[in-house]
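Overview (structure and organization)
As a plain string of letters, each chain reads:
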Amino acid sequence: MAQREELSKDKLMWMYETMVKIRLHENKAAELFAQGKIKGFVHLYVGEEAVATGVMAALKPGDVITGTHRSHGHYIAKGGDLKASFAELFGKRTGSNKGKGGSMHIADPGIGMLGANGMVGGGIPHAVGAALAFKLLGKDNVAVAFFGEGGSNQQNFHEAINLAAIWKLPVVFVCENNLYQISLHYSKQQLITSVAERGKAYGIPGVSVDGQDVLAVYEAAREAVERARRGEGPTLIEAKTYRFRGHFEGDPEVYRSKEEVEWWINNKDPIKLFEKYLLERNIATRDELDAVWKRVAKEIEDAVKFAEESPYPSPEELYEDVFAKPTNGVLVWRWD
Amino acid sequence: MASTREITFVQALNEALDYAMSVDKRVIIMGEDVGIYGGVFGVTMGLYDKYGPERVRDTPIAESGFIGAAVGAAMMGLKPVVELMFIDFLGVAFDQIYNQAAKLRYMTGGKVKVPMVLRTVCGAGIQAAAQHSQSLHALFIHVPGLKVVIPSTPYDAKGLLLTAILDEEDPVVFIEHKMLYGIRGPVPEEPYKIPFGVADVKREGKDVTVIATAWMVHRALEAADKLAGEGISVEVIDPRTLVPLDVDTILNSIKKTGRLVVVDEGYPRASFATDIAALAVSKAFEYLKAPVKLVTPPATPVPFSEVLEREWIPSTEKIMKAIRDVYYYKRP
Ligand SMILES: Cc1ncc(C[n+]2csc(CCOP(=O)(O)OP(=O)(O)O)c2C)c(N)n1
């Protein structure tokens, strides 16, 4: 595992706990989906935990991120509330989005999570705009845009990254290359072997890292974030990763073999790899690590209970939040 | 001869695509996950194995690129059927549709033709939230140069899609409501075509005309069934193609019943519903015995929460209420 900077035990344990939180959150979400308790399109982050965690470990308060359709992990790593997350998945009023957004649109600007996005590539320009705001408002914060390798073929990616480059904005573009765009393998989406190569086309650095190695992701993100804070402009990071589950819950996964998935689970589980690192260096004991799983499992249980017991929105709430405030004339049209 | 075989809406579409590809080599399919995956709703299932990767092309997530490429391919003699996975994604490709595909014939004085079909999915009902649940057909109706199809039954789906691919020389936007994919209905095995611009009277009646589209046709029929018990005779008309629009069938029905309810899942204003209401009051005003009633969702984005989504989608009860309102209306 890569580690150039001496990291405190606290920080390392935060990384570990964050990954465990994401893993258990996602496993629980899968279970609830299978039971029919949560519905809609649910894209889980299992297997990719090290990417969100490593990147978020390099950020400071005030920094912001934009997500994708697969953003539970980004939200949690950015400091999202598990109760609000489950409540949102249940469509409850106490959810992060008051039940109006659901899995694909989880957001909390209060913690710097500007939003997951149902549109592939939709959030990338928002990060660029957020960075422009930081620059014009004189703040030394950075914005991070997450997207998949599939998303990197979308016009929004190309237009936004070019803007960030010419304006030297404090943005970090994080491509989570998990090899598949729903069913289409990476090799059929683009001829280059690494999305990081695209940095060249825009005159910015492009780096590729092992996305299953949380410390490698952290290192790459730290460098990119520092460069951005120094006013030197954006960086494109490609984290090579893999999603252990289907594209969305209910995916028959006809496009990849069981053996392939098992190989990744057995050899490239980011949590197991990090565990090994922590144990081999005597940074943490087995008991300490087990305690983390236990504590997080309890938190998840409490969050689900909270979500289940929370009230649904009242029908009248349907008409709220479309616009900011009342005005002359009818804003929210209904015939009845 | 009426067929008794019942298949799903998805199977009906799949049969149309299969037949069109088998009789015309120029027909190709393009889109995200249309190949080995068979489309996220299974509409293109099996076609990749049958016709190969050259004619059933998986694309990157590059809607403007591949829809624009379909425009070019159509100009040069292919007949592309492109899939836009959800109608909500049209924003990233809209220029290719409304400025390019729609206008090339006109701008070139008729010298360029763009015989392509854009298949896409609309509709709420599965808690897919605000960016995967919209019914945006009004946006296409608004732009001259596009033909707009929105079937409600497996039978119509197969016949209209075959016409769209094999007969039409103009760009056709073919909209499939996701709540219809699983419904079954009688569909002949042999190929058949349903001409554009011919509305289907899904149920005859004499008191109230209901114009409905896609999933709302089924809710309107349910409402009509229930109201028959109350002695109200409802005529339900499905226009099937919104451009071209079968104005005669609609106006004749309004003239017969004197009462109109329009049920549509598009947003309420500047919509298909307001379009039909305007048609009624401008062309059949003197026949109207009651104000026209529109049943649509409110002008809010589609909410995620099941309870809110249920409130958002026009319900059978709301349709029944609108029908009763016009039926019992008394001029003051
Ligand atoms: C503009 C747009 N096009 C298509 C889709 C449908 N879609 C949702 S996720 C997805 C694949 C995304 O692949 P990638 O960007 O690699 O992210 P991953 O799912 O692998 O995390 C597609 C095609 C969409 N949501 N938005």
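Quick notes on the rules
- Residues numbered from 1 in each chain as written.
- Chains lettered and ligands numbered in written order.
- Predicted model: local features only at pLDDT ≥ 70, side-chain atom pairs only at ≥ 80, totals over all residues.
- Heavy atoms only, no water.
- Buried < 20%, exposed > 50% of the residue type's maximum accessible area, 1.4 Å probe, protein only.
- Helix = DSSP H or I, 4+ residues; strand = E, 2+ residues; numbered from the N terminus.
- Pairing = 2+ DSSP bridges.
- Near = heavy atom within 4 Å.
- Polar contact = N/O pair within 3.5 Å; in protein donor to acceptor, adjacent residues only side chain to side chain.
- Core = buried A, V, L, I, M, F, W, Y, C linked by side-chain atoms within 4.5 Å.
- Contact = heavy atoms within 4.5 Å.
- pLDDT = per-residue confidence, 0-100.

It is worth spelling out the pairing of strand β7 (residues 172–177) of chain B at this point. Residue and element names in this part refer to chain B. Where burial is concerned, most of β7 is hidden: six out of the six residues are buried. The two faces of β7 match: V172, F174 and E176 on one face and V173, I175 and H177 on the other face are all buried. Pairing geometry for strand β5 (residues 117–122) and β7, over six bridges, is parallel. Residue C122 lies in a different strand from β7, and its bridge partner there is H177.

Taken together, 21 residues sit near the ligand, with H69, R70, G118 and N178 of chain A together with E63 of chain B positioned nearest. Of the chains in the model, those with residues near the ligand are chains A and B. G150 of chain A places a polar main-chain atom, nitrogen or oxygen, 2.8 Å from an oxygen atom of the ligand. Take Y180 of chain A: an N or O atom from its main chain is 2.8 Å from an oxygen atom of the ligand.

Proteins that are soluble and globular tend to have nonpolar side chains buried together. Counting 199 residues, the largest nonpolar core has F274 and L278 of chain A together with F140, V210 and I323 of chain B as its most contacted members. With 11 residues, helix α1 (residues 9–34) of chain A is the largest single contributor of residues to this core. Excluding residues within four positions of it along the chain, F274 of chain A makes contact with M1, L12, M15, Y16, M19, V214 and L215 of chain A. Listed in part, the 24 residues of the second largest apolar core include I124, F134, I161 and Y202 of chain A.

Now for the confidence of the model for chain B. As a general rule, the predicted coordinates of low-pLDDT regions are not to be interpreted in detail. For chain B, the average pLDDT comes to 97, and 99% of its residues sit at 70 or higher. Reported confidence for the predicted complex is 0.93 by ipTM and 0.96 by pTM.

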